[in-house]
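Reading the structure
What follows is each chain in one-letter form.
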Amino acid sequence: MRQTYRNTRTWSLPLLALASALLGGCASKGPQGYGAAEQSTAAQAQQQMEKAAQLTQIDAQQTYLNLIRQMQQANQWYASLAHTQAFERQYGSQPQIRLMRADALRNTGQGKLAEQGYQALLADPDSSTVARARRGLGLLYASQGQYPNAIAQLEMARQINPIDADVLSDLAYAHMLDGQTEAAHLPVLQAAQLAPGNARVQLNLALYLMASDQKAQASQLLQRLSQPAAKNVPALIDANSMQTLQAQLQTVQTAMRRRNGAGLHTAPAAVAPAMDSAVLATSPLTATTAAPATAPAAMPTDAEAANPSPAVPTALRSDGPVAAPTHPIAP
């Protein structure tokens, strides 16, 4: 009997220590039981519901901005201008909508107000906003025939964002409108490689090649642009694009003659053709009658380019890339 009691006493001490440890562990985990588990599960479910609601919630402000951007990409500048005012009334002013408003003012012929809008954004702490404002000023000055000022603004925009294909392409075109095809060489090639699917950028490259008398390269480029990249994918350019290119080349050739000191009152028969016949002959677009899909505004002719107030350059009025001929090259 004594032996049995001794054994029982010997085992009881470790069991008590183990029970104390278990109780201590349970106490450290907090209250257990049906009510506590139910409360924890309910809290987790509430958190999950809140996260799901945040993910599915529609940002009305961003949706409105996207709508205005789509209007401008579709050349609906007057409508977008009205919506920028409505947006500011509802959500207040912010750099993004102010840029859109300045773009709309520029493309609706309100140059002075557009210039004021762009200038006010040059002090913005966001460098991307400043770059866009610089580009807007460059496009505005180019539309007014102030090519040196346009080049200066576009060059500053390029320095802020050296890989913006639109800025590079605009800078190259401004140089060409100023009669400086050599200065257009670097930015136009950079833009073309950065944006191979942008029709406006690629047409600016074709314009540069023709203006610099590189007919073979221009013909090869136009052949490639006129062919669909894949099945059921439209080509980047069409017959109307070629017509625009002809008008642009006439303008650039006039600027080159002016810079070289040649007279502007040359007889029409002596004026060089807008596009070499070899380039036109090798392009399948010359025989097509497709409906205009990239119809831009009319480019200035030689006579118009000689006037103090030239027409707005086509390639310098586009504020977004053109991925397919269903969108115009320029507004």
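Residues numbered from 1 in each chain as written. Predicted model: local features only at pLDDT ≥ 70, side-chain atom pairs only at ≥ 80, totals over all residues. Heavy atoms only, no water.

1. Regarding the overall build of the protein
For the protein, the helix and strand inventory stands at 15 helices and zero strands. A buried classification covers 39% of the 331 residues belonging to the protein. For the protein, contacts bridging at least 24 residues in sequence account for 61% of all contacts bridging at least 6. In the form shown here, the protein has an accessible surface area of approximately 18,200 Å², with 57% of it arising from carbon and sulfur atoms. (Helix = DSSP H or I, 4+ residues; strand = E, 2+ residues; numbered from the N terminus. Buried < 20%, exposed > 50% of the residue type's maximum accessible area, 1.4 Å probe, protein only. Contact = heavy atoms within 4.5 Å. Areas by Shrake-Rupley, 256 points an atom, 1.4 Å probe, with all protein chains shown as cover.)

2. A word on the confidence of the model for the protein
In this model, the protein carries an average pLDDT of 76, and 64% of its residues clear a pLDDT of 70 or more. By mean pLDDT, helix α15 (residues 302-305) is the weakest element of the protein at 40, and helix α8 (residues 147-160) is the strongest at 98. Confidence drops under a pLDDT of 50 for residues 10-16, and excluding neighbours within four residues, the segment shows zero contacts in the predicted structure. Scored below 50 in pLDDT, residues 263-331 makes 153 contacts in the model with residues more than four places away or belonging to other chains. (pLDDT = per-residue confidence, 0-100.)

3. Brief notes about the packing of helix α5 (residues 95-107) against helix α7 (residues 127-143)
At their nearest, the axes of α5 and α7 sit 11 Å apart, and the two run at 5° to each other. Viewed along their axes, α5 and α7 adopt a mutual orientation that is roughly parallel. Taken together, the residues of α7 that come into contact with α5 (itself represented by P95, L99, D103 and R106) are T129, R132, A133, G136, L139 and L140. The residue inventory of the contact of α5 with α7, partitioned by class, reads five nonpolar, two polar and three charged. (Axes fitted to C-alpha atoms, helices over the stretch in contact; angles between N-to-C directions. Parallel < 35°, antiparallel > 145°, perpendicular 65-115°, else oblique. Nonpolar A, V, L, I, M, F, W, Y, C, P; charged D, E, K, R; others polar.)

4. Overview of the nonpolar core
In this structure, M176, L205, L207, Y208, L222, I237 and L245 are the most contacted members of the largest nonpolar core, which totals 42 residues. Of all hydrophobic cores here, the second largest spans six residues; its members include Y64, I68, F87 and I97. (Core = buried A, V, L, I, M, F, W, Y, C linked by side-chain atoms within 4.5 Å.)

5. So, the pattern of salt bridges
Taken as a whole, this structure holds eight salt bridges when the rule is applied. D170 serves as the salt-bridge partner of R200, at 2.9 Å between the closest nitrogen and oxygen. One end of the pair, R200, is in helix α11 (residues 199-211); the other, D170, is in helix α9 (residues 165-177), and 30 residues separate them in sequence. Classification of D170 as buried rests on a relative accessible area of 0%. (Salt bridge = Lys/Arg side-chain N within 4 Å of Asp/Glu carboxyl O.)

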